[in-house]
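# Examining the three-dimensional arrangement
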Amino acid sequence: LFLVVTLGVVAVVCQGALIRSAALAAKHKRLPNFGAAWHDGVRHFWRLFAVNLIKKAFLFLIIMSVSVASANAVFNGSVADTIIFLILFPLSVVAAVVVSFVALYAACYVVVEEYSLGEAFHGAWRLTMDHWLPSLEVAGLFIVFEVIMVMLVVVGFLLVLSPAAVLAFVGALSGH
């Protein structure tokens, strides 16, 4: 439990430090002081924690609604349940992307602009709605990069585990 809490605190502080570092690097065109960035992350911990908690709660609700619709479609097998799932799934993907970007923009407003939590979410929502196309483009790029990374991990596992599988097969055939 201590390790989980510690890693959670470090993750939130690092998020704040990365946001501050990126903002300073973009503004001043130089590498930031990592100690100062860390302290900025610590200073904004509670608001960043709240942003992440709200994001996780919304994503949990989205996942649960899709899970219930999926279970209804599979176990009930009715056409209406299947149609509901087929409509709900793409909408939930878009909703999850919007929630993620609003949370990211809110975290940036908290750290860079020193907004309160309410102001940060309001500004993040307006930014997302005013610039929805670039947000969707970035989301599409993230999805493409994630698919590529998953494929690389799968290929890596296959390359690493295939000699062991061959040896296990040979051992099974030889009886050893």
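Structure first, text after, so check above.
Quick look at the structure, then. A quick note: this is a predicted structure, and the numbers were derived from the prediction, not measured. (Residues numbered from 1 in each chain as written. Predicted model: local features only at pLDDT ≥ 70, side-chain atom pairs only at ≥ 80, totals over all residues. Heavy atoms only, no water.)

The next thing to look at is the pattern of salt bridges. Inspection of every chain in the model, using the stated rule, returns six salt bridges. One salt bridge in this structure joins Glu-114 and Arg-43, with 3.3 Å as the shortest N-O distance. Here Glu-114 is found in the loop between helix H4 (79-112) and helix H5 (117-130), whereas its partner Arg-43 is found in helix H2 (residues 34-43), with 71 residues between them in sequence. Put simply, Arg-20, Asp-40, Arg-43, Arg-47 and Glu-114 are held in one network by salt bridges that share partners. (Salt bridge = Lys/Arg side-chain N within 4 Å of Asp/Glu carboxyl O. Helix = DSSP H or I, 4+ residues; strand = E, 2+ residues; numbered from the N terminus.)

For soluble globular proteins, nonpolar side chains are generally found buried alongside one another. Ranked by size, the top nonpolar core spans 19 residues in total, and within it Leu-48, Val-51, Val-110 and Ala-124 carry the most contacts. Elements with a contribution of two residues or more to this core: helix H1 (2-28), helix H3 (45-76), H4 and H5. With ten residues, the top contributor of residues to this core is H4. Leaving out residues up to four positions away in the same chain, Leu-48 has contacts with Val-12, Gln-15, Gly-16, Ala-107, Val-110 and Val-111. (Core = buried A, V, L, I, M, F, W, Y, C linked by side-chain atoms within 4.5 Å. Buried < 20%, exposed > 50% of the residue type's maximum accessible area, 1.4 Å probe, protein only. Contact = heavy atoms within 4.5 Å.)

Our next topic: the packing of H1 against H3. Running from amino to carboxyl end, H1 crosses H3 at an angle of 105°, the nearest separation of the two axes being 9 Å. When the axis of H1 is compared with that of H3, the two are roughly perpendicular. Of the residues in H3, those in contact with Val-9, Val-12, Val-13, Gln-15 and Gly-16 of H1 are Phe-45, Leu-48, Phe-49 and Asn-52. (Axes fitted to C-alpha atoms, helices over the stretch in contact; angles between N-to-C directions. Parallel < 35°, antiparallel > 145°, perpendicular 65-115°, else oblique.)

Enumeration over the complete set of coordinates arrives at six aromatic pairs. Through a chain of ring-to-ring contacts, three or more aromatic side chains come together here, namely Phe-45, Trp-46 and Phe-49. (Phe/Tyr/Trp six-rings, centres within 6.5 Å; stacked < 30°, edge-to-face > 60°.)

Purely geometric numbers; function is a separate question.
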